[in-house]
Amino acid sequence: MSPPTLLSGFRPTGRLHLGHLHGTLKNWVKLQADYRSFFFVADWHALTTAFEQTEGIARSTREMVADWLAVGLDPERSVIFRQSSILEHAELFLIFAMITPTPWLLRNPTVKEQARELGLIASDDDAELAKINFGHLGYPVLQAADILVYKADKVPVGADQVPHVEVTREIARRFNHLYRPVFPEPDALLSEVPKIAGLDGRKMSKSYNNAVFLSEPPADVEAKLSRMMTDPRRKRRTDPGDPADCPAYQSFHKIYCTTDELAEVDRGCKSASIGCLDCKRIMIRHVLADLEPIRERRREIDARPALVDAVLDDGNRRARAVASATMGEVRAAVGLD
Ligand code: TRP
Ligand code: SF4
């Protein structure tokens, strides 16, 4: 029996950080052992919000794929490719767009939240929703095409992406019912991933300027984490604190430290017998050790400038073969072959 198919994608965000490492990448590296896996750069999806600043997309794509390889995505085992190289995604998107009722899109909470955050809409009123560009409103349909053109069974994503996988299932069901059964109904694969705070205690994000990047020199990683926010009650060295209210502890000690170290930190924090800097040094050692092999592989990758393009060329070729076979079935089912 062949293993189930797994697919996930990421917008080209450039250099990846510790939030990506623990939220997504370690999970992907683990999953690729058990599934027939596809991982792709969603560069068309980047246009849904960044259509006015497209200069960085190509560079960000290379940078991100280099980081994927550095953390251990294996291009022999997994198909690593770029969305815009596989035109079949666009063709399937078009056909799916024809059978997708607009209300399925208008009720998508993730699209609306994103549009609100970007200041594109002020509320969920109909008049406001009409201000969202057609492609932005429809991006879950493109996502459905990304997933179904490979007949993926499992889609590892964060909770915010679950509505899109739900739309994908609904579109697959509708297509299979209208024409003939071609598609599986994929499941989101939610894993409990730790929430990683950035240096200021908010969610780690490049745009908040609070991130620690995977490819940063160790001295910079150390300097950044040394000034990461801790329990605000510990204004002075003698003020006791609580690890439960410490972003550094909640994001990093918890993931990286041994049980003994955690007990020591807990005691030291609550009794003010340890200072925050010394306390953070305990976890910083582990973070640096975790990042060392990643940085080493990244150095090797950067020393071979043609490597990322070669990986993408090979992945694109393998992805295209699968996508094109599916589109043969789709055209036949719809009656357009
Ligand atoms: N929408 C996802 C994001 O913004 C990226 C994405 C596009 C994706 N197509 C996908 C994820 C297909 C999983 C499967 O992060
Ligand atoms: Fe956080 Fe450690 Fe400082 Fe406590 S002592 S607030 S756990 S860094």
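Conventions we followed
Residues numbered from 1 in each chain as written. Chains lettered and ligands numbered in written order. Predicted model: local features only at pLDDT ≥ 70, side-chain atom pairs only at ≥ 80, totals over all residues. Heavy atoms only, no water. Phe/Tyr/Trp six-rings, centres within 6.5 Å; stacked < 30°, edge-to-face > 60°. Helix = DSSP H or I, 4+ residues; strand = E, 2+ residues; numbered from the N terminus. Buried < 20%, exposed > 50% of the residue type's maximum accessible area, 1.4 Å probe, protein only. Lys NZ or Arg CZ within 6 Å of the ring centre and 35° of its normal. Core = buried A, V, L, I, M, F, W, Y, C linked by side-chain atoms within 4.5 Å. Domains from an automatic or database assignment. Contact = heavy atoms within 4.5 Å. Near = heavy atom within 4 Å. Nonpolar A, V, L, I, M, F, W, Y, C, P; charged D, E, K, R; others polar. Pairing = 2+ DSSP bridges. Right-handed = clockwise from strand over helix to strand, strands pointing away.

(A) Up close: the packing of aromatic side chains. Scanning the entire structure with this criterion turns up ten aromatic pairs. An angle of 75 degrees between the planes, with centres 5.2 Å apart, marks the rings of Trp-28 and Trp-68 as edge-to-face. You can see Trp-28 sitting in helix α1 (residues 18-31) and its partner Trp-68 sitting in helix α3 (residues 57-71), a full 40 residues away along the chain. Of the two residues examined, Trp-28 and Trp-68, each falls in the buried class. Within the aromatic cluster, the residues linked to one another by ring pairs are Phe-10, Trp-28, Phe-39 and Trp-68. In this structure, Arg-15 packs its charged tip against the face of Phe-213, placed 4.0 Å from the ring centre. Taking the ring centre of Tyr-208 as reference, the NZ or CZ of Arg-202 above it sits at 4.0 Å.

(B) Structural context of the nonpolar core. In terms of nonpolar packing, the biggest core is built from 52 residues, with Leu-18, Leu-21, Trp-68, Leu-214, Leu-225, Phe-252 and Val-287 touching the most fellow members. Looking at this core, the elements with two or more residues in it are α1, β2 (36-41), α3, α11 (218-226), α12 (247-256), α13 (259-270), α14 (276-302) and α15 (307-334). Counting residues per element, this core draws most heavily on α14, which supplies nine residues. In terms of domain composition, this core takes at least three residues from each of domain 1 (5-196 + 306-334) and domain 2 (216-299). Residues in contact with Phe-252, not counting those within four places in the same chain, are Leu-18, Ile-196, Ala-197, Met-204, Leu-225, Met-228, Pro-247, Cys-257, Met-283 and Val-287. Counting 43 residues, the second largest nonpolar core, distinct from the first, contains Leu-7, Ile-86, Leu-129 and Val-182.

(C) Spotlight on the site of ligand 2. Around ligand 2 lies a shell formed by Thr-230, Asp-231, Arg-234, Cys-246, Tyr-249, Val-265, Cys-269, Cys-276, Cys-279 and Lys-280. For the shell around ligand 2, the leading source of residues is α14, giving three residues. Taken together, the residues of the shell around ligand 2 break down into six nonpolar, one polar and three charged.

(D) Expanded view of the side chain of Glu-128. The residue Glu-128 is located in helix α7 (residues 126-129) in this model. Taking the relative accessible area as the measure of exposure, Glu-128 reaches 14% and is therefore buried. Excluding its chain neighbours within four sequence positions, the residues that come into contact with Glu-128 are Ile-121, Ala-122 and Ser-123.

(E) Just the environment of Ala-46, in detail. Checked against the element boundaries, Ala-46 lands in helix α2 (residues 43-50). Separated by 263 residues in the primary sequence, Ala-46 and Asp-309 place their C-alpha atoms 20 Å from one another. Apart from residues lying up to four places away in sequence, Ala-46 is in contact with Arg-11, Pro-12, Phe-51 and Ile-57.

(F) Focus on the pairing of β2. Where burial is concerned, most of β2 is hidden: five out of the six residues are buried. Relative to β2, strand β1 (residues 5-10) runs parallel, the two being bridged by six bridges. Note that in β2 the partner of Leu-7 across the bridge is Phe-38. Of the crossover connections in this fold, the one passing from β1 over α1 to the parallel β2 is right-handed. Looking at chain direction, β2 and strand β3 (residues 79-82) are connected through four bridges and run parallel.

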